[in-house]
Amino acid sequence: MVSSLKEKAYTHIRQELAQGHWNDVPFLSKRKIAQRVGMSYTPVREALIQLESEGLIETVNNQGVRLKMLTREELREKFELRIVLETGAAKLAAEKITDKELASLRQNLDEHRRSLRSYRSSLTDNQTPEAGALLGESIRQAFQLNILFHLGVIRASRNRQMAKLVSDLHLVTQVLQTRAILPGQNHLRQIARDCLFHHRILRALEHHDPEEAARWIQKHTTDAMKHHLSVYDLLQQLRQPSASSLYRVPEVWLEPGQKVEQSISSDSCHSADGLPRK
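Criteria and cut-off values
- Residues numbered from 1 in each chain as written.
- Predicted model: local features only at pLDDT ≥ 70, side-chain atom pairs only at ≥ 80, totals over all residues.
- Heavy atoms only, no water.
- Helix = DSSP H or I, 4+ residues; strand = E, 2+ residues; numbered from the N terminus.
- Contact = heavy atoms within 4.5 Å.
- Axes fitted to C-alpha atoms, helices over the stretch in contact; angles between N-to-C directions.
- Parallel < 35°, antiparallel > 145°, perpendicular 65-115°, else oblique.
- Left-handed = near helix turned anticlockwise from the far one by under 90°.
- Nonpolar A, V, L, I, M, F, W, Y, C, P; charged D, E, K, R; others polar.
- Salt bridge = Lys/Arg side-chain N within 4 Å of Asp/Glu carboxyl O.
- Buried < 20%, exposed > 50% of the residue type's maximum accessible area, 1.4 Å probe, protein only.

Novice: Report on the environment of Ile13, specifying residues and quantitative values.
Specialist: Structurally, the position occupied by Ile13 is in helix α1 (residues 2-18). With 38 residues separating them in the primary sequence, Ile13 and Leu51 have C-alpha atoms 8.8 Å apart. Those residues within four positions of Ile13 in sequence are excluded, and the remaining contacts are Trp22, Ile33, Val37, Val44, Ala47, Leu48 and Leu51.

Novice: I'd love a proper account of the packing of helix α5 (residues 99-123) against helix α8 (residues 188-206), names of residues and values included.
Specialist: At a closest axis distance of 10 Å, the pairing of α5 and α8 adopts a crossing angle of 160°. With respect to each other, α5 and α8 are oriented roughly antiparallel. Of the two possible hands of crossing, α5 and α8 adopt the one that is left-handed. Of the residues in α8, those touching α5 at Leu102, Leu105, Arg106, Leu109, His112, Leu116, Tyr119, Arg120 and Leu123 are Leu188, Ile191, Ala192, Asp194, Cys195, His198, His199, Leu202, Leu205 and Glu206. Here the contact of α5 with α8 is built from residues that sort into 12 nonpolar, 3 polar and 4 charged.

Novice: Please give an account of the pattern of salt bridges that cites residues and values.
Specialist: For the coordinates displayed, the defined rule picks out 18 salt bridges. Between Glu73 and Arg76 there is a salt bridge, and its shortest N-O distance comes to 2.1 Å. Placement of the pair is Glu73 and Arg76 together in helix α4 (residues 72-96), with a separation of 3 residues, close to one helical turn. The exposure class assigned to Glu73 is partly exposed, which follows from its relative accessible area of 40%. With relative accessibility at 23%, the residue Arg76 sits in the partly exposed group. Arg215 is the partner of Glu212 in a salt bridge, and the nearest nitrogen-oxygen pair spans 2.9 Å.

See the structure below:
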């Protein structure tokens, strides 16, 4: 019975992590987490032990439980592992993907295009609170769609162990995905690059071409690693006293909400930042 409750607590907490519900507070006590889950302390404590053993959370003495904070080296290693696993998964997916799964990825990319358009239009009028909120939501949605596209490819590989490993890696590496409001910074180029990479990955999957699918997902994940490492370096720089008065420190938040899947139109990812589509 306790084991069954532990699995329910584990699933509940993991979903909260994936949906970014732990981002509003730096630490949570184990009893507070039990209250949020709506269960007794024992199964929640055991679920937290499992999550900590998987490297998703960490306990800090006298403060509580929080998302796992990675060092720069750990972040790089996680991404290198993602590159290896997702490249292999793309090869399997190209051989096994169904028409229904391809339709879901097309849907996802179409939604990605809409998010890109919304973000681009919000950039022209970000003085009002309403426009600022829309801007933040467009960024969040685009990043969520990015992760959900990857998880869709992983599911199509039909390898449950690989799916679990990659899902966990996405969860811990997306902690640095930011909604930073910094002088001269916008996310248009990165969102457009994600969309363009997804278009090329999808085209390879539609042609059931394992090598081409693997080539583009490797390029995409390597590009994401470079981006996240630069964000990490930026956050470190902003912790310096000399920078704190010049910048608003970004809020960190995780990856995907719940659903999503909505498709691509061939020009969806073109011209947002002038990147050619090949």
